[in-house]
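Geometric and topological summary
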Amino acid sequence: MNDSILKIENLIFEYAQYEDGENVRAVDDVSLEIERGSFTAIIGRNGSGKSTLAKNINGLLLPTSGTVYVNGIDTCDESQIWEVRQTVGMVFQNPDNQLVSTIVEDDVAFGPENMGIAPEEIRLRVDEALKAVGMYEHRKKAPHLLSGGQKQRIAIAGAIAMKPECIVFDEPTAMLDPSGRRDVMNIIKDLNKEGITVVLITHFMEEAASADRVIIMDRGVILADGTPQEIFKESDKIREINLDVPLAVNLADRLRKNGIDVPQNIISTEELIEWVLS
Ligand code: ADP
Ligand code: MG
């Protein structure tokens, strides 16, 4: 790969257990590179190590062994931890746990303020970030009055205001209704189009299908890594590990069983409809 923003080498992460218990190995020897500007989805059952991997990417957790490089900086280099945190933003599942202020725009300003950015620059960044997520007109409101999807958009604005090169989204739509989910996914796709590297952890296979690359994690290891077409072509293997496949892949499989020769590369509903109508 020519230009990697993230490089993970033989990452092992273990949670220490209290008293008698053995350590829990949540990530078990993962090596991975993420290309600058790409859109990678990570899927896998609960407990497969996705969130632990995500937190290792921006130095919220540090490897038990192995190395994580962000733009060539080792996350264990304490003198550069702020550089790492600024390069890789994180957005988590529950927006309520990410909002800290009583006014929307103060919340978005929180990160840049902590970075010591000049007030005029913060003003510009906050406005720009709120516009990017379509929440500018709500800037004076109290976050707790907003819908889940709107709160998550504020959390994303907070991440954008740090001007990160990469954002790791850890199941950002899991708690949202369908319209909130659609809004957040559209924002994520737009950010990627504007050049931000996106790593999206999700259990919605339709979301994974819209990435450039899909990685399946299982029990702390990478089970598969490829384009969405390559990954979802093996639909039986995916079902074997108790994951879903996109609706279009399910439908295409059923059509094939009935003798209809649907092309293997169809993974989205739009593609399936286009094929049926053509
Ligand atoms: P995922 O995000 O794929 O659901 P996690 O990274 O949250 O997976 O968890 C991976 C494994 O690590 C699981 O076995 C989980 O129980 C364990 N784990 C996660 N967080 C902790 C923690 N703070 N302390 C101990 N074990 C943990
Ligand atoms: Mg998780």
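Details of the structure are given in the entry above.
Computed from a predicted model, the values in this text were never measured in an experiment. (Residues numbered from 1 in each chain as written. Chains lettered and ligands numbered in written order. Predicted model: local features only at pLDDT ≥ 70, side-chain atom pairs only at ≥ 80, totals over all residues. Heavy atoms only, no water.)

**Quick look at the side chain of Asp107**
In this structure, Asp107 sits in helix α3 (residues 104–114). Notably, Asp107 is buried but unbridged: the nearest opposite-charge side chain belongs to Lys151, and the N-O separation is 11 Å. Side-chain polar atoms of Asp107 contact the backbone nitrogen of Ser101, separated by 2.7 Å. Once residues lying within four places of it in the same chain are set aside, the contact partners of Asp107 are Gln98, Leu99, Val100, Ser101 and Ile154. (Helix = DSSP H or I, 4+ residues; strand = E, 2+ residues; numbered from the N terminus. Buried < 20%, exposed > 50% of the residue type's maximum accessible area, 1.4 Å probe, protein only. Lys, Arg positive; Asp, Glu negative; His and termini not counted. Salt bridge = Lys/Arg side-chain N within 4 Å of Asp/Glu carboxyl O. Polar contact = N/O pair within 3.5 Å; in protein donor to acceptor, adjacent residues only side chain to side chain. Contact = heavy atoms within 4.5 Å.)

**Some remarks on the pairing of strand β4 (residues 65–70)**
Bridge count between strand β1 (residues 4–15) and β4: five bridges; the pairing is antiparallel. Looking across to β4, one finds that Ile8 is bridged to Val68. The sheet contact formed by β4 and strand β5 (residues 73–74) spans two bridges and is antiparallel. Directly across from Tyr69, in β5, lies its bridge partner Asp74. (Pairing = 2+ DSSP bridges.)

**Comments concerning the packing of α3 against helix α4 (residues 119–132)**
Running from N to C, α3 and α4 point in directions that differ by 125°, and their axes come no closer than 9 Å. If you check the angle between α3 and α4, you find them oblique. Regarding α3 and α4, the two cross each other, and that crossing is right-handed. When α3 is examined against α4, the residues Val104, Glu105, Val108, Ala109, Pro112 and Glu113 are found in contact with a partner set consisting of Ile122, Arg123, Val126, Ala129 and Leu130. The class makeup of the residues in the contact of α3 with α4 is eight nonpolar, no polar and three charged. (Axes fitted to C-alpha atoms, helices over the stretch in contact; angles between N-to-C directions. Parallel < 35°, antiparallel > 145°, perpendicular 65-115°, else oblique. Left-handed = near helix turned anticlockwise from the far one by under 90°. Nonpolar A, V, L, I, M, F, W, Y, C, P; charged D, E, K, R; others polar.)

**Focus on the pattern of salt bridges**
Under the counting rule described, the total for this entry stands at 20 salt bridges. Here Asp127 ties to Arg123 by a salt bridge, and the two come within 2.7 Å at their closest N and O atoms. Residue Asp127 and its partner Arg123 are both found in helix α4; the two are separated by four residues, about one turn of the helix. The partly exposed category is assigned to Arg123, whose relative accessible area is 38%. One salt-bridge network, in which partners are shared between bridges, spans Glu105, Arg123, Asp127 and Lys140.

**Section: the site of ligand 1**
What surrounds ligand 1 is the set Tyr15, Gln17, Val24, Ala26, Arg45, Asn46, Gly47, Ser48, Gly49, Lys50, Ser51 and Thr52. Note that an oxygen atom of ligand 1 is positioned 2.9 Å from one of the side-chain N or O atoms of Ser51. Between ligand 1 and Thr52, the relevant distance is 2.4 Å, taken from an oxygen atom to a side-chain nitrogen or oxygen of the residue. When the free accessible area of ligand 1 is taken as 560 Å², the share hidden by the protein chains comes to 61%. Residue assignment for the shell around ligand 1 shows that the elements contributing at least two residues are β2 (24–35) and α1 (50–57). If you tally residues by element for the shell around ligand 1, the top one is α1, at three residues. (Near = heavy atom within 4 Å. Areas by Shrake-Rupley, 256 points an atom, 1.4 Å probe, with all protein chains shown as cover.)

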